[in-house]
Amino acid sequence: MTPPEVFLRKTSGVVRALSPFDSAFYGFLTVSGIGVITWLMLPGLAFFPGANLYLVMILLLVFMSIRWVAYAMMVSSMPRSGGDYVFQSRLLRGDIGWAFTWGGIGFWQLWWNYIVANTIAIGVLSPMFEFLGHATNNPSMINAGIALLDPITAAVFSIVVVWLCTWVMVTGMRGYVTIQRYILIPLTLVSFVILAGIFLVVPRETFMTNFTSFQNIFGQVNPDWYHAIIDQAKELGADLSPPFSWYDTFGLFVLLYGMMQNIQYSMELIGEMKGVESFKTAWGIMFGAAALLVGSVTIGMAWGADYLGMEFIRAYGYVANVDPSSLAGFTWRGVYGLFTVITLNVPIGIILGLGWIACFIQYEFNGAFGAARFIFAASFDRILPSWMGSVNKRGAPVKTYIFFAVVSSVIAIVCTGYGEVLGLINLAFLAGQVTYILTMVSAIVFPWRAKKLWEASPGSKYKIGKMPVIVIAALFGLIMDFIVIAYYFTNPFYGVLTSALPAQLFPIIIIVGCFVWFYGARWYRNREGINIELAFKEVPPA
Amino acid sequence: MDRRKDQSGGTEFGKEKRFTKIFFATDAHGSEVTFRKFLSAGKYYQADVVMLCGDLTGKMLVPIVRRSDGGYVSRLFGQEQKAETELQLKAMEEKIADAGYYSYRTEEDGAQELRADPEKTDKTLKKLMLERLERWVRSAEEHYKDSGIRCIMTGGNDDPLEIESILNSSGCIMNSDGRVVRIDDDHEMITVGHANITPWKCPRDVTEEKLEEMIENVASKVEDIETCVFNLHAPPKDSKIDTAFKLDDSIYPPRLVKEAGQPVLVGVGSSAARKAIEKYQPQLGLHGHIHESRGVAKIGRTLCVNPGSEYGEGVLRGAIVNVSKAKVLSYQLTSG
């Protein structure tokens, strides 16, 4: 029997803007394969040489898909902008929700804004100019590339990029989305298509020859840089052809897991996404983003490493990270630098470079958008001043964006003067992980802590035995999270163990500071006759 | 008005303060669980006045069809739902009611009849809407009678005019629509549940001119406009608490308008409401209508609040506003 139809009368209703397709793409761009490849390919493959990258990709997709069942069920029952903050503050406590989502994720976006802009300067533009100078025999371009490596130049460039992006954002979402749709997405996709084409048609020997000629422009001439780097890595003790290792596979998995979890970060915008009241759609959006991500990382990282030579990639990453000065004339120019010299073709190098820049510019926007959603939600809850939740005529929270840009600029200056604080970024992953653990805990307690809300949600009908599926999926996610934490605390590669004590304390200080702010705000609002705790509590139905 | 400390024990700058605590919610749209939360809200938030204003009735009729084998089947959230036992059937009906919809037990023939006869569907839906509202009013009477909490319930642009007689039938629950009422010793309140015309052409959609006239009629009767509360279902135009996506209403259902591939955000509030607030500068504006545009805005000296609505998720969105004779002391948006 066909289920009967329903009858809807003419009444007003909520309209959401981002289609599931746009939302999935937004999620993909929040992480984007190019960022993963740029930051993680070389160190990841060098320090987990026994990992099977293709297996890592499959594991990520499978494990995340299960974890996201819990996440999607929360999304579909509370489809409000602010995502993790909303879940934790409503299902755990207001102070926990604020302190861990802002102190564990939001604040670090301002940090990432600097890191990303800095990566554009030193990881893309610098090698791009050097490559162009080399390909066109123009020494002044090579010098321009080298000049960008100067920390002060890179910092100034970073600050300019941060403020340019802020300017775009204050003109409203439309300006940004137009750029995303017509510039950022096409450039990112074209980059991957070009890369795949290069891997298919250009023989590795061409890369080896071109790589040597490129490295030679930096002064130290070597007839075969490719093999010189491999030999040097071996001399430094690297194991470049180890057998398959589950430990290394999970080690690399943990590294990529930290990045991939940021697909959840895109869901801070759930209040603007269509169809997320259905848990299947919410899950589909995250899975779609993950599938795009895994596909792009498989092309760039797995296929790319196979193409360039796994032994060489491991060696390059190892020498660069362990002792770059041990090989005279060795000059690290990152993954973009490696890919762009495969052909030494100027248009291809420029398009790839623009694709790389497009990806990193995307990070600038996404970081601010997600963090602004936390600020909105906390401002509505009266934890933050109301001006932080106010928007201009174009719907952009100008004051919040300017506040973000100021903080990111200060971070750029601090990082330039004290380069060692860049190591804090290792701790950022840990802080984010703790936040996501608390989101999983929120999912586990959901059916009991907000009984009525849960019963009204589309996910409540899914059970295994008598246990709600959300609890099982969240427990599974929690186990994965604890494996990640275990790696962080037992393997020095992740930087948690090796960071200086002040760096280790910094995330704790930020989170404790957020708790202090919360209780300060509560005290202040109490004086006004307002109990901010009431914003988080479900009223028991009569 | 009470002379007391607020529930958190707070005092204003060290002195005991005098204020009225208003709890304002809107756009419940027939959701049973949201309404039952509203019943608890007065005590829970320790309010002096509770208001559920605008769009009390739901939007959808959900037939539950009896199968030949004795079981029942319906469609909810786009998915087929089955009930084999009376207990499961009750749970299904409860779920439908919590979402703000109206369940209707019928046979296969009855469902076909509804499909074929829109007039019968409308009649059935209206009957169920009025029945539920009648029950709500009686429950509210029970809860708020002798509680010391004043309870106000009014309709909005989505509500048929037939609900007025039900709202007016209570001696305890106040229907303030189209009138000046006192919410405490110091504050009068005017209410207009009608709204400017929407793409859905709802029962109480009127032109801006008509709306201006309606507001003007009631505002002109206020004794002390400076302490007055304007409870206008439609928020003031371009106030940032009226932001929604622009829709093309030349077709039904209305379609999202996109420019350069992007949905266009516009202020869809009422210019008549804005004009009235700018002209009279009341102490407080209480609004609803645009569920997704929850927030607070200042227009001159007037604080305008739209608590938004999430009735479909069973969430009681509301606003607590503490008002003294002189000013709005503080506010808090809630998601209960």
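What counts and how
Going along each chain's sequence as written, the residues are numbered from 1 onward. Going through the entries in the order they are written, you letter the chains from A and number the ligands from 1. Restriction of local features to residues with pLDDT of at least 70 applies here, the model being predicted, together with a cutoff of 80 or more for giving and counting side-chain atom pairs; totals for whole chains, interfaces and linings are based on all residues. Hydrogens and water are ignored here; the side-chain numbers use all heavy atoms of the structure. Secondary structure elements follow DSSP: runs of H or I no shorter than four residues count as helices, runs of E no shorter than two count as strands, and numbering proceeds from the N terminus. C-alpha atoms define the radius of gyration in this analysis, and the globule rule sets the expected value at 2.2 Å times the number of residues to the power 0.38. For every residue, the accessible area (1.4 Å probe, protein chains only) is compared with the maximum for its type, and the residue is labelled buried under 20%, exposed over 50%, or partly exposed between those bounds. Contact between two residues is taken to exist if any of their heavy atoms lie within 4.5 Å; hydrogens are not considered. Here the positive residues are Lys and Arg and the negative ones are Asp and Glu; neither His nor the chain ends is included. In plain terms, the charge of a residue is placed at NZ if it is Lys, CZ if Arg, CG if Asp and CD if Glu. Residue count minus one, scaled by 1.5 Å, sets the expected span of a helix. Fitting axes to the seven residues ending at a residue and to the seven starting there, one defines the bend at that residue as the angle between these axes. On a range of 0 to 100, pLDDT expresses the predictor's confidence in each residue. One requirement defines pairing of two strands: DSSP has to find at least two bridges between them. In this analysis, axes come from line fits to C-alpha atoms, helices being fitted only over the stretch in contact, and the angle between any two N-to-C directions falls in the range 0 to 180 degrees. Just so you know, the domain bounds were taken from an automatic or database domain assignment. Accessible area that two parts lose when put together, with a 1.4 Å probe and added across both, is what the buried area reports. Salt bridge, as applied in this entry: a Lys or Arg side-chain nitrogen positioned within 4 Å of an Asp or Glu carboxyl oxygen.

1. Details of the overall build of chain A
Turning to step 1, where the next piece is worked out: Counting its regular elements, chain A contains 21 helices and 3 strands.
Turning to step 2, where the next piece is worked out: Computed over C-alpha atoms, the radius of gyration of chain A comes to 24 Å, within 12% of the 24 Å expected from 2.2 N^0.38 for 542 residues, which places it in the range of a compact globule.
Turning to step 3, where the next piece is worked out: C-alpha atoms of chain A, sized along the principal axes, occupy 80 × 50 × 50 Å.
Turning to step 4, where the next piece is worked out: Counting every position in chain A, which comprises 542 residues, the buried fraction comes to 62%.
Turning to step 5, where the next piece is worked out: In chain A, of all internal contacts separated by at least 6 residues, the share reaching a separation of at least 24 is 83%.
Turning to step 6, where the next piece is worked out: One way to put it: in chain A the 30 positive side-chain charges average out to a point 18 Å from where the 26 negative ones average out.

2. Comments concerning helix 13 (residues 279–308) of chain A
All names here are of chain A.
Turning to step 1, where the next piece is worked out: Counted at 1.5 Å a residue, the expected span for helix 13 with its 30 residues is 44 Å, and the 42 Å between its end C-alpha atoms agrees.
Turning to step 2, where the next piece is worked out: The sharpest bend along helix 13 measures roughly 35 degrees and falls at T298.
Turning to step 3, where the next piece is worked out: Looking one or two residues beyond helix 13, the residue adopting positive phi is G309, at roughly 110 degrees.

3. A word on unusual backbone geometry
Among all residues save glycine, negative phi is the norm, and among peptide bonds the norm is trans.
Turning to step 1, where the next piece is worked out: If you check the backbone angles, R382 of chain A has positive phi at about 70 degrees while not being a glycine.
Turning to step 2, where the next piece is worked out: The topology assignment puts R382 of chain A in the loop between helix 16 (346–380) and helix 17 (398–417).
Turning to step 3, where the next piece is worked out: Residues other than glycine seldom take positive phi values, yet D146 of chain B does so here, at roughly 65 degrees.
Turning to step 4, where the next piece is worked out: Within the secondary structure, D146 of chain B sits in the loop between helix 4 (118–144) and strand 7 (150–154).
Turning to step 5, where the next piece is worked out: Taking the relative accessible area as the measure of exposure, D146 of chain B reaches 76% and is therefore exposed.

4. Considerations on the confidence of the model for chain B
All names here are of chain B.
Turning to step 1, where the next piece is worked out: In this model, chain B carries an average pLDDT of 89, and 93% of its residues clear a pLDDT of 70 or more.
Turning to step 2, where the next piece is worked out: Summarising per-element confidence for chain B, the mean pLDDT is lowest in strand 17 (residues 262–263) (63) and highest in strand 19 (residues 284–286) (98).
Turning to step 3, where the next piece is worked out: Here residues 1–15 scores under 50 on pLDDT; set against residues more than four positions off or in separate chains, the count is 43 contacts.
Turning to step 4, where the next piece is worked out: Predicted complex, confidence summary: ipTM 0.83, pTM 0.79.

5. Remarks on the sheet that holds strand 19 of chain B
Residues and elements named next belong to chain B.
Turning to step 1, where the next piece is worked out: With mixed pairing, 6 strands are arranged side by side in an open sheet as 8-9-12-19-21-20. Of all the strands in the sheet, just strand 8 (180–182) and strand 20 (295–299) have a single pairing partner and so form its edges. Neighbour-to-neighbour, the strand axes of this sheet turn through a mean angle of 25 degrees, independent of strand direction.
Turning to step 2, where the next piece is worked out: Examined bridge by bridge, strand 12 (residues 229–232) and strand 19 share 3 bridges and lie parallel to one another. Within strand 19, the position partnered with V229 by the bridge is L284.
Turning to step 3, where the next piece is worked out: Taken strand by strand, helix 6 (residues 208–219) contacts strand 8, strand 9 (188–192) and strand 12, and its axis lies near 160 degrees from that of strand 9.

6. Thoughts on the domain arrangement of chain B
All names here are of chain B.
Turning to step 1, where the next piece is worked out: Assigned domains of chain B: these are domain 1 (20–57 + 131–335) and domain 2 (61–120).
Turning to step 2, where the next piece is worked out: Taking the mean C-alpha position of each, domain 1 and domain 2 sit 32 Å from one another.
Turning to step 3, where the next piece is worked out: Both sides of the domain 1 and domain 2 interface together cover about 600 Å² of buried area, and 45% of this is carbon and sulfur.
Turning to step 4, where the next piece is worked out: Applying the counting rule to domain 1 against domain 2 returns 1 salt bridge.

7. A closer look at the sheet that holds strand 23 (residues 328–335) of chain B
Residue and element names in this part refer to chain B.
Turning to step 1, where the next piece is worked out: Taken in spatial order, the 5 strands of this open sheet run 7-2-1-22-23, and their pairing is mixed. Among the strands making up the open sheet, the edge pair consists of strand 7 and strand 23. On average, each strand axis in the sheet is tilted by 15 degrees relative to the strand beside it, whichever way the strands run.
Turning to step 2, where the next piece is worked out: Two elements, strand 1 (residues 20–25) and strand 2 (residues 49–53), share 4 bridges in a ladder whose sense is parallel. Looking at the pairing, A25 lines up with L52 of strand 2.

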